[in-house]
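Residues per chain are reported as follows:
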Amino acid sequence: MNSLQQIVEGGYCIGCGACACATHGSIPVEMNACGLYQAQGAAAARCEDDQVSLGIAACPFSGEGADEDDVGRHRFGAGCLPDSRIGYYHDLFIGHVAEDGYRAEGASGGFGSWILAELLGTGAIDAVAHARKVDSPSDGVLFRYSLSRTVEEIKSGAKSCYYPVEMSGVLEQIRRTPGRYAVVGLPCFIQAIRRLSGIDPVLKERIVHCIGLVCGHMKSKAFADCLGWQIGIPPGRLDAIDFRVKLPDRTAGDYGVYLRGGEIEATRPRRDFLGARWGHNFFRYSACDFCDNVFAETADLTIGDAWLPEHENDSRGTNIVVVRDPSLSTLILRAMSQGRVVCSRAEPDTIAESQAGGLRDRREGLAYRLRLKELQGVWAPRKRVRPDAAHLTSQRARIYAARSGAGAASHRLWQEALAQNDLAVFLDGMRSHVETIQKAYETDKG
Ligand SMILES: Cc1cc2nc3c(=O)[nH]c(=O)nc-3n(C[C@H](O)[C@H](O)[C@H](O)COP(=O)(O)OP(=O)(O)OC[C@H]3O[C@@H](n4cnc5c(N)ncnc54)[C@H](O)[C@@H]3O)c2cc1C
Ligand code: SF4
Ligand code: SF4
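On a predicted model such as this, the values are computed, not experimentally measured, just so you know.

**Things to note about the overall build of the protein chain**
Secondary structure assignment for the protein chain yields 18 helices and 13 strands. Taken over C-alpha atoms, the radius of gyration comes to 21 Å for the protein chain, in line with the 22 Å a tight globule of 446 residues would show. The buried share among the 446 residues of the protein chain stands at 50%. Considering only residue pairs separated by 6 or more positions, the protein chain has 70% of its internal contacts joining residues 24 or more positions apart.

**Here we look at the domain arrangement of the protein chain**
The extent of an interface is frequently quoted as the accessible surface area lost upon association of the parts. When its domains are assigned, the protein chain resolves into domain 1 (3-58), domain 2 (68-219 + 283-356) and domain 3 (357-442). The C-alpha-based centres of domain 2 and domain 3 are spaced at 28 Å. Listed per partner, the contact involves 15 residues of domain 2 and 16 residues of domain 3. Taken together, the residues of the side of domain 2 that touches domain 3 sort by class into six nonpolar, three polar and six charged.

**Points about the nonpolar core**
In terms of nonpolar packing, the biggest core is built from 131 residues, with A18 and V322 touching the most fellow members. Those residues within four positions of A18 in sequence are excluded, and the remaining contacts are A58, C59, P60, M167, A192, R195 and L196.

**A short note on the sheet that holds strand β10 (residues 264-269)**
One open sheet holds the three strands; their spatial order is β8-β9-β10, and the pairing between them is antiparallel. Two strands lie at the open edges of the sheet, namely β8 (240-245) and β10, each paired on one side alone. When strand polarity is set aside, the average angle formed by the axes of neighbouring strands in this sheet is 10°. Where β8 and strand β9 (residues 256-261) come together, four bridges link them in antiparallel fashion. Bridged to I241 within β9 is L259.

Cut-offs applied
- Residues numbered from 1 in each chain as written.
- Chains lettered and ligands numbered in written order.
- Predicted model: local features only at pLDDT ≥ 70, side-chain atom pairs only at ≥ 80, totals over all residues.
- Helix = DSSP H or I, 4+ residues; strand = E, 2+ residues; numbered from the N terminus.
- Rg over C-alpha atoms; globule rule 2.2 N^0.38 Å.
- Buried ≥ 20, exposed ≤ 12 C-beta atoms within 10 Å, placed from the backbone.
- Contact = placed C-beta atoms within 7 Å.
- Domains from an automatic or database assignment.
- Nonpolar A, V, L, I, M, F, W, Y, C, P; charged D, E, K, R; others polar.
- Core = buried A, V, L, I, M, F, W, Y, C linked by C-beta atoms within 7 Å.
- Pairing = 2+ DSSP bridges.
- Axes fitted to C-alpha atoms, helices over the stretch in contact; angles between N-to-C directions.

And the structure:
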């Protein structure tokens, strides 16, 4: 078995598409029956050694070559301060966009779409590669990476895409079309772009900015289908979903979900759905269990939600912004002085505190999961966190085990529910996993 097969078969493939791009399609990345993009292990098995090496050089889960610390030090080390939780940073902000409806139309404070529009408006880029709704979905896939060349197109891609996407198609478009591009992505996707830039001079020259999203974990396509089925839209019939609808009288985290399919169209609070709580891990990619990068540490700028007590009550949404490229700080500071964005500088501890749960999972939880792999004698990619279970209380171990169990069971039970055309098969099975997680938390003295 070659090392790319090992990544895929070990459950470490996040389906980013970087290996497909690096090998010019020799290793296709396709959506599997569980609704997860995955590199095709069989194709990897047939590849010549030089193709496997290219795939490995591009793959953020290979455990070989430059890790996020190396990339960060190389790109940002000179002008930034290091932080073991958030990566290198030049400036840290908390706030929102005040102009042109970016905040109202965004998932959070609107900084994501705003910074892209600002880069386009100032002539720094010609186009943006980001996840956008598919206008007329024909194959049941509702979101894809697409290029936006106008502010209107950028704005139409606002909101969080809790849905699998892969980059190989859009990267091929960038290869074919000269210009300067920004790519928006989850932390592992941005790391893949940095690795690809190391082996492809065209992508290196054309991708001039990487904008990262803070990441809890990534969901399979079944997450959207399952929310739809819970309000009566059968799988395959969902036409549109907005995962983040701001509900005026609620906290920022208590947002709604908009769904449309056939005759049914509704917005419901997400807490009405089983599986919409991120801590329950439904439909999580198994690769996310082996991730150590919460803050997209190799992006020029990273945005996330300010999950902090002083901001959570504002349903309109508030961003945290980690800036690593000084030219992007200049854009923000100028817009602040013009009243176009409203934000204040923040301390690294505050920024890290906004993602306390994610960091705990990707440090303590990851160390534990790596140790389990070690005990099982199973290969796992090298991470910046070392395998360790010695410092974990038994209660915390139970929490991590219960959450991993729920993630794995959700994929399996979803297949069973589809086969029996009965949503109850999934919901009844998953309720017991949710109870196990809750019990583990209740007995948490750690
Ligand atoms: C899977 C996932 C998990 C996340 N987990 C966390 C978390 O744990 N904590 C946290 O604080 N924030 C998390 N975020 C980020 C958060 O949901 C918001 O996307 C972020 O705060 C930006 O909001 P905004 O209003 O500034 O941006 P908006 O103005 O809404 O713009 C968002 C931009 O990001 C692009 N985009 C959205 N999703 C994707 C995607 N999957 N791939 C590529 N481009 C995309 C959009 O096309 C748009 O250009 C996550 C996002 C995703 C997609
Ligand atoms: S994580 Fe990305 S690069 Fe690695 S095998 Fe999967 S699709 Fe390919
Ligand atoms: S948790 Fe890590 S591996 Fe999973 S999608 Fe987010 S950045 Fe990628």
